[in-house]
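# Results of the structural survey
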Amino acid sequence: MEAHTEVVRTLNALLTTELRAINQYFLDTKLAGHWGFEHLAERFREASFQEMRDAESLMDRILLLGGLPNLQRMEPFAVGETVREQFDAAIELEAKAAGQLHEAIRSVEAQGDEGTATLLRSMLVEEEEQLDWLTSQVELMDRLGEANYLTQQVRG
């Protein structure tokens, strides 16, 4: 397929966000595990892997369109020094990703690229589900108290 410059640029912007998410969640995984919160570490690890799968899908689509995936552009990511800070940073990241995906879907639809729009819609659903889970965890932490919430995260 012939590359449509604007679609490839849009996909590369999304790829940059996914690369940030991979790194942020991977560090969250390691920190949560180091702190003894094995259940939470597993959840962050799966989130990192999901972001990797999304990055791979974006790369595959860029290549299919005749573009070149840009893995050199990296955004700094937030380091949560507590579980609450990790959740807050993840919520910010997922909200940004969801907003980008909404914009990207409108953009690629305007370009007539329904295949890319379909891919992005499925990614949007995953981002919204992750955002919902994160906000639910913060609500639980607020309702139960941080110590009680974290006690539940120790078991794997």
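Right, let's walk through the structure included here. Note that this is a predicted model, so its numbers are computed, not measured.

### Here's the deal with the packing of helix α2 (residues 38–64) against helix α4 (residues 114–144)
Helix-helix packing: each pair is described by the crossing angle between the helix axes and the interaxial distance. It is the contact of α2 with α4, at a shortest axis distance of 11 Å, that shows an interaxial angle of 165 degrees. For the element pair α2 / α4, the angle class is roughly antiparallel. In this structure, α2 crosses over α4, and the sense of that crossing is left-handed. Two secondary-structure elements touch here, α2 through Leu 40, Arg 43, Ala 47, Gln 50, Glu 51, Asp 54, Ser 57, Leu 58 and Arg 61 and α4 through Gly 115, Thr 116, Leu 119, Leu 120, Met 123, Glu 126, Glu 127, Gln 130 and Trp 133.

### Observations regarding the nonpolar core
In terms of nonpolar packing, the biggest core is built from 21 residues, with Leu 11, Leu 14, Leu 15, Leu 58, Leu 101, Leu 120 and Met 123 touching the most fellow members. Secondary-structure elements contributing two or more residues to this core are α1 (5–34), α2, α3 (83–110) and α4. Per-element accounting of this core gives the leading share, seven residues, to α1. With residues near it in sequence (within four places) discarded, Leu 101 still touches Leu 14, Leu 120, Met 123, Leu 124 and Glu 127. Tyr 25, Ala 32, Ile 91 and Met 141 belong to the second largest nonpolar core, which has 19 residues in total.

### Examining the side chain of Glu 18
As for its position among the elements, Glu 18 is in helix α1. Buried and unpaired, Glu 18 has no salt bridge, with Arg 53 as the nearest side chain of opposite charge at 9.9 Å. Apart from the residues lying within four places of it in its own chain, the contact partners of Glu 18 are Glu 51, Asp 54, Ala 55, Leu 58, Met 123 and Glu 127.

Criteria and cut-off values
- Residues numbered from 1 in each chain as written.
- Predicted model: local features only at pLDDT ≥ 70, side-chain atom pairs only at ≥ 80, totals over all residues.
- Heavy atoms only, no water.
- Axes fitted to C-alpha atoms, helices over the stretch in contact; angles between N-to-C directions.
- Helix = DSSP H or I, 4+ residues; strand = E, 2+ residues; numbered from the N terminus.
- Parallel < 35°, antiparallel > 145°, perpendicular 65-115°, else oblique.
- Left-handed = near helix turned anticlockwise from the far one by under 90°.
- Contact = heavy atoms within 4.5 Å.
- Core = buried A, V, L, I, M, F, W, Y, C linked by side-chain atoms within 4.5 Å.
- Buried < 20%, exposed > 50% of the residue type's maximum accessible area, 1.4 Å probe, protein only.
- Lys, Arg positive; Asp, Glu negative; His and termini not counted.
- Salt bridge = Lys/Arg side-chain N within 4 Å of Asp/Glu carboxyl O.

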